[in-house]
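Chains, contacts and geometry: an overview
Residues per chain are reported as follows:
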Amino acid sequence: MNIKLLDLQSQHQKIKDKVRARIDRVLEHGQYIMGPEIGELETRLAGFAGAKHAISCASGTDALLLALMAYDVKAGDAVFTSDFTFIATAEVIALLGATPVFVDIEPGSKNISPASLEEKIAKVVKEGNLRPRGIIPVDLFGLPADYGKIEKIAEKHGLFVIEDAAQSFGASYKGKKAGSLGTVGATSFFPAKPLGCYGDGGAVFTEDAALAEKMKSIRVHGQGNDKYNNVRIGLNARLDTLQAAILLAKLDIFESEIKNRQRVAALYSQGLKKAVKIPEIVSESSCAWAQYSVEHPQREEIRKFLTQKGIPTAVYYPVPLHLQPAFSFLGGKQGDYPVSEKAALNIFSLPMHPYLEDTQINFIIQEVCEAVKQHA
Ligand SMILES: *Cc1c(COP(=O)(O)O)cnc(C)c1O
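Since we're looking at a predicted model, the values are computed, not measured.

1. Focus on the packing of helix 9 (residues 299-308) against helix 11 (residues 358-374)
Two elements in contact, helix 9 and helix 11, have axes separated by 9 Å at closest approach and are oriented at 135°. The angle between helix 9 and helix 11 falls in the class oblique. Once helix 9 is placed against helix 11, the crossing between them reads as right-handed. Of helix 11, the residues touching helix 9 (which contributes Ile302, Phe305 and Leu306) are Glu367, Val368, Glu370, Ala371, Val372 and Gln374. Looking at the contact of helix 9 with helix 11 residue by residue, the classes come out as six nonpolar, one polar and two charged.

2. Things to note about the environment of Pro191
Tracing the sequence through the fold places Pro191 in the loop between strand 8 (184-188) and strand 9 (202-206). For the pair formed by Pro191 and Leu6, sequence separation is 185 residues and the distance between their alpha carbons is 9.8 Å. Those residues in contact with Pro191, other than ones at most four positions away along the chain, are Leu8, Gly196, Cys197 and Gly199.

3. Quick look at the sheet that holds strand 6 (residues 172-173)
Pairing within the open sheet is antiparallel, and its three strands lie in the order 7-6-10. Edge strands, defined here as strands with exactly one partner in the open sheet, are strand 7 (176-177) and strand 10 (285-286). In the sheet, strand 6 pairs with strand 10 via two bridges, with the strands oriented antiparallel. Within the sheet, the bridge partner assigned to Ser172 lies in strand 10 and is Ser286.

4. Focus: the site of the ligand
Lining the immediate surroundings of the ligand are 15 residues, of which Gly60, Thr61, Asp164, Ser188 and Lys193 lie closest. A distance of 2.5 Å is found between an oxygen atom of the ligand and a side-chain nitrogen or oxygen belonging to Thr61. Asp164 has a polar side-chain atom sitting 2.7 Å from a nitrogen atom of the ligand. Compared with its free state, where it exposes 380 Å², the ligand has 93% of that area covered by protein. Counting atoms within 2 Å of the grid points, the majority share of the ligand lands in the largest pocket. Within the residue set of the shell around the ligand, elements represented by two or more residues are helix 3 (60-70) and helix 4 (87-95). Taken together, the residues of the shell around the ligand break down into five nonpolar, eight polar and two charged.

5. Some thoughts on the pattern of salt bridges
For the structure shown, the criterion picks out 20 salt bridges. Of the charged contacts in the structure, one is a salt bridge between Glu295 and Lys110, with a shortest N-O distance of 2.7 Å. Here Glu295, found in strand 11 (residues 292-295), pairs with Lys110, found in the loop between strand 3 (99-103) and helix 5 (114-127); they are 185 residues apart in sequence, far enough to count as distant. Judged by its relative accessible area of 12%, Glu295 is buried. For the salt bridge of Lys373 with Glu370, the shortest nitrogen-to-oxygen distance reads 3.9 Å. One end of the pair, Lys373, and the other, Glu370, are both in helix 11, three residues apart, so they sit about a helical turn from each other. With a relative accessible area of 64%, Lys373 lands in the exposed category. Through salt bridges that share partners, Lys18, Arg44 and Asp252 make up one connected network.

Rules and cut-offs
Residues numbered from 1 in each chain as written. Predicted model: local features only at pLDDT ≥ 70, side-chain atom pairs only at ≥ 80, totals over all residues. Heavy atoms only, no water. Axes fitted to C-alpha atoms, helices over the stretch in contact; angles between N-to-C directions. Helix = DSSP H or I, 4+ residues; strand = E, 2+ residues; numbered from the N terminus. Parallel < 35°, antiparallel > 145°, perpendicular 65-115°, else oblique. Left-handed = near helix turned anticlockwise from the far one by under 90°. Contact = heavy atoms within 4.5 Å. Nonpolar A, V, L, I, M, F, W, Y, C, P; charged D, E, K, R; others polar. Pairing = 2+ DSSP bridges. Near = heavy atom within 4 Å. Polar contact = N/O pair within 3.5 Å; in protein donor to acceptor, adjacent residues only side chain to side chain. Areas by Shrake-Rupley, 256 points an atom, 1.4 Å probe, with all protein chains shown as cover. 1 Å grid on protein atoms, 1.4 Å probe; cavity = no way out; pocket = protein on both sides within 12 Å on 5 of 7 lines; lining within 4 Å. Sits in = over half its atoms within 2 Å of the grid points. Salt bridge = Lys/Arg side-chain N within 4 Å of Asp/Glu carboxyl O. Buried < 20%, exposed > 50% of the residue type's maximum accessible area, 1.4 Å probe, protein only.

What follows is the structure in structure tokens.
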């Protein structure tokens, strides 16, 4: 049995004719930068996410950066985000000279804890050294954060909410699609994300026309009404036309892929609930299942056993952000974020993609249960 963590080859087999036709069209018109596929993709993405404006860009990291730059985030600003996420979420805050303020997570959802968020904001306000500006909740593993509570906190303190939807495109929260859950949503089309291109890519979403205009300008060197009129400091953060063409082909099967991921997750949860701590199901949300992550104190023994059985696993994330050397200047130490630290020790992810077959899923369930039995 050839089990993969992620199976882009099976996907490509399914869509290769469409992808090739789309790529050929780009090669023929030759508009590699901001070709017609960019606008077509942005319209499709906006429709999919239920957002007024979708702006494609070069990566998920650039998407977050565009959003923060649109809010003029700078030195002296505090931006609150999850302690348990990919480095990019917090890196962009520091890159602009602002200060990331990490917040512990919920033990169930692994998303930012609204109660800890309140505490951290109160602490920053009381200390008086930084201006609280915004929150970047992360929809970890594809599950939307608790936006109902986060929005109330944001309103109370006058903060923006940038949704890090890098892992959750295709998910929803109370009937709204991921990407449209903050004042700006940022997603990634890195190949391993639920909707991936064949390289780097990303997009931002917003309802706010002024923010959309600003992000479009920042995406191309702070461009004004013509190419050599630069009205602000910007970036080169465009999505390649070729990547847009590939995404257009992939969007056709995206909903059915999300359904398949949900099917795999449901089978895993049913089969594994007695053996390991399974991902929390949140009634008001649907999950895009970028990862299916479970927890067990004997993680390393179990992973070793699974490797021997030909079942690949991965750890997202082994080091919480406050303990990353890159953020040592913030003075974080062991014990500061107990829930995040515990997750980093116990969590691991099983193979997750839309093309897992029942026999493979059942084999994985059986071997995880066996591994747990042997290492209890
Ligand atoms: C992947 C990811 C990003 C960054 O996306 P890139 O396209 O790789 O730049 C940001 N945040 C989270 C949570 C991610 O998983």
